[in-house]
Amino acid sequence: MTTASPSETARRNLVGLGRDALAAEMTAFGAEPFRARQLWHWIYHRGAADFGVMTSLSKGFREKLATTYELCRPTLSRELASIDRTRKWLLRFPDGQEVETVHIPEEERGTLCVSSQVGCTLTCSFCHTGTQRLVRNLTAAEIVAQVMIARDALCEWPSPQEDRQVTNIVLMGMGEPLLNYENVAAALKIIMDPEGLAISRRKITLSTAGVVPMMRRCGTELGVNLAVSLHAVRDDVRDRLVPLNRKYPIAELLAACRSYPGSSNARRITFEYVMLKGVNDSPADARELVRLLAGIPAKVNLIPFNQWPGAPYECSPDEAIKVFSDIVFAAGYSAPVRTPRGRDILAACGQLKSASIKLRRSVPEPLPA
Ligand code: SAH
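Residues numbered from 1 in each chain as written. Predicted model: local features only at pLDDT ≥ 70, side-chain atom pairs only at ≥ 80, totals over all residues. Heavy atoms only, no water.

## Side note on the overall build of the protein chain
If you tally the helices and strands in the protein chain, you get twelve helices and 13 strands. By the compact-globule yardstick of 21 Å for 369 residues, the protein chain fits well, its C-alpha radius of gyration being 22 Å. A buried classification covers 52% of the 369 residues belonging to the protein chain. Of the roughly 17400 Å² of accessible surface on the protein chain, 55% is carried by carbon and sulfur atoms. Here the protein chain carries 46 positive and 39 negative side-chain charges, and the mean point of each set is 2 Å from the other. (Helix = DSSP H or I, 4+ residues; strand = E, 2+ residues; numbered from the N terminus. Rg over C-alpha atoms; globule rule 2.2 N^0.38 Å. Buried < 20%, exposed > 50% of the residue type's maximum accessible area, 1.4 Å probe, protein only. Areas by Shrake-Rupley, 256 points an atom, 1.4 Å probe, with all protein chains shown as cover. Lys, Arg positive; Asp, Glu negative; His and termini not counted. Charge placed at Lys NZ, Arg CZ, Asp CG, Glu CD.)

## Some points on the site of the ligand
Surrounding the ligand, one finds 20 residues, the nearest of these being Gly175, Ser207, Ser229, His231 and Asn306. Between the ligand and Gly175, the relevant distance is 2.9 Å, taken from a nitrogen atom to a main-chain nitrogen or oxygen of the residue. Listed by contribution, the elements that provide at least two residues to the shell around the ligand are strand 10 (204–208), strand 12 (269–275) and strand 13 (298–304). Partitioned by chemical class, the residues of the shell around the ligand number eleven nonpolar, seven polar and two charged. (Near = heavy atom within 4 Å. Polar contact = N/O pair within 3.5 Å; in protein donor to acceptor, adjacent residues only side chain to side chain. Nonpolar A, V, L, I, M, F, W, Y, C, P; charged D, E, K, R; others polar.)

## Observations concerning the pattern of salt bridges
All chains considered together, the criterion is met by 21 salt bridges. In this structure, Arg109 and Glu106 form a salt bridge, with 3.1 Å as the shortest nitrogen-oxygen distance. Under the relative-accessibility criterion, Arg109 is labelled partly exposed at 41%. Note that Arg291 is salt-bridged to Glu288, the shortest N-O span being 2.9 Å. Taken together, the residues Arg291 and Glu288, both in helix 10 (residues 283–293) and three residues apart, mark about one turn of the helix. By relative accessible area, which is 55% here, Arg291 ends up exposed. For Glu288, a relative accessible area of 23% translates into the label partly exposed. Members of the salt-bridge network, linked through shared partners, are Arg19, Arg37, Asp193 and Glu195. (Salt bridge = Lys/Arg side-chain N within 4 Å of Asp/Glu carboxyl O.)

## Considerations on the sheet that holds strand 12
Spatially, nine strands are ordered 3-4-5-6-9-10-11-12-13 in an open sheet, and the strand pairing comes out mixed. Two strands bound the open sheet, and with one partner strand each, they are strand 3 (75–81) and strand 13. Taking each pair of neighbouring strands and ignoring which way they run, the sheet shows an average axis angle of 20°. (Pairing = 2+ DSSP bridges. Axes fitted to C-alpha atoms, helices over the stretch in contact; angles between N-to-C directions.)

## Some remarks on the nonpolar core
Nonpolar side chains in soluble globular proteins tend to be buried together. Formed by 108 residues in total, the largest nonpolar core has its most connected members in Leu39, Phe126 and Phe271. Among the elements that make up this core, the one with the highest residue count is helix 6 (residues 181–192) (eight residues). Discounting residues that sit within four places of it in the chain, Phe126 has contacts with His231, Leu241, Val242, Val274, Leu276, Phe305, Trp308 and Tyr313. (Core = buried A, V, L, I, M, F, W, Y, C linked by side-chain atoms within 4.5 Å. Contact = heavy atoms within 4.5 Å.)

## Some words on the environment of Glu252
Summarising the element assignment, Glu252 is placed in helix 9 (residues 250–258). Along the chain, Glu252 and Gly210 lie 42 residues apart, while their C-alpha atoms are 9.2 Å from each other. Dropping the residues within four chain positions of it, Glu252 is found in contact with Val212 and Lys247.

## What to know about the pairing of strand 10
Most of strand 10 sits out of view: five of its five residues are buried. Where burial is concerned, the two faces of strand 10 agree: the one with Ile204, Leu206 and Thr208 and the one with Thr205 and Ser207 are both buried. By the bridge criterion, three bridges tie strand 9 (residues 168–171) to strand 10 in an arrangement that is parallel. Bridged to Val170 within strand 10 is Thr205.

## Overview of unusual backbone geometry
Here the bond from Trp157 into Pro158 is cis, since omega is -15°, no more than 30 degrees from zero. Along the chain, Pro158 turns up in the loop between helix 5 (140–153) and strand 9. The phi dihedral of Asp163 is positive, around 50°, even though this residue is not glycine. Position of Asp163 relative to the elements: it lies in the loop between helix 5 and strand 9. Classification of Asp163 as exposed rests on a relative accessible area of 78%. At His231, a residue that is not glycine, the phi angle is positive and equals roughly 65°. Inspection of the secondary structure assignment puts His231 in the loop between strand 11 (225–229) and helix 8 (235–241).

## So, the environment of Arg246
In this fold, Arg246 is placed in the loop between helix 8 and helix 9. C-alpha separation for the pair Arg246 and Gly223, spaced 23 residues apart in sequence, amounts to 27 Å.

## Comments concerning the packing of helix 6 against helix 7 (residues 212–222)
Where helix 6 contacts helix 7, the two axes come as close as 11 Å, and the packing angle between them is 20°. The orientation of helix 6 relative to helix 7 falls into the category roughly parallel. Relative to helix 7, helix 6 is oriented so that their crossing is right-handed. Residues Tyr181, Glu182, Ala185, Leu188, Lys189 and Met192 of helix 6 form the contact with helix 7, whose participating residues are Met214, Arg217, Cys218, Glu221 and Leu222. Considered class by class, the residues forming the contact of helix 6 with helix 7 number seven nonpolar, no polar and four charged. (Parallel < 35°, antiparallel > 145°, perpendicular 65-115°, else oblique. Left-handed = near helix turned anticlockwise from the far one by under 90°.)

Structure below.
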């Protein structure tokens, strides 16, 4: 284990501070108010990873900043690229915890899948992340850093206005974003800022398993698109798949969707539905789904179950998925089947992280010096 020197531990990370917090920090530091704006530009528009490159600041000021502050990026513990050009980064934070961030390039867009927690407390029975023991919230800095690491790796600084590789962000990585609302909100406000990373709220989708009491606030304060992990049309089935359903059952969840601020036919709520053989994939389930969604500006995203070792489910056969999709589509909803991407780099939730833990466990621990 390496121990940081006292001067290192004392330095405060500026990445992850919102505009107001950065301004307050600079005032306390004795700097003029416009310094905060210059720093913002360097950190979030130019992607500066150290003060030395900030040429619009005097050398003396840069040196002074560097004695008190740092611009901290998590370390990249693994990086994988799929033959389909999906890229996956495993990030390690100073406490040794790790999360995954995935970039999925498509014809017209590039989506970054961002994590909000280390592990997850919801224990959805088909999700691999739920089997991981350690859970903690990510800080705003750690959430923002995922976007910055992707921009670093894709050589996408300064933040371009056009022809971006990161056009969209989905909070669909590890964790439940609405159980870490404050940090997710702080991070998204930084990510959306037009003078920085500049990814508009219209290009950001937050996926929730259905933390009903937080949904309205999310819509009002952040105005991002909403995706809901529905996965079942009956409470007894959903109780098993998404145990949070026992607290917030389907009727309450759908009522919160009906009143989600800002949703409209132009901005529909996405309902995610994982296709599990013999569990939730019958034509009757599809018809019930259509009935439940009546009156909600909705689109349905059918997700073929991503198998993981020891999972108690199998993916529905292609034919069952097609029949299901046709029924939903015939009722007037778009119902695309999500194409699995990056299978060769363990793209299913949490798989890369657990592979890395296994790898490290097989290496003997070094003896203390
Ligand atoms: N906690 C949030 C976001 C994280 S998961 C949520 O539940 O929405 C992102 C999506 O992937 C969710 O719809 C989740 O249910 C789904 N998912 C998790 N494990 C999966 C698996 N093995 N196969 C297919 N989809 C999975």
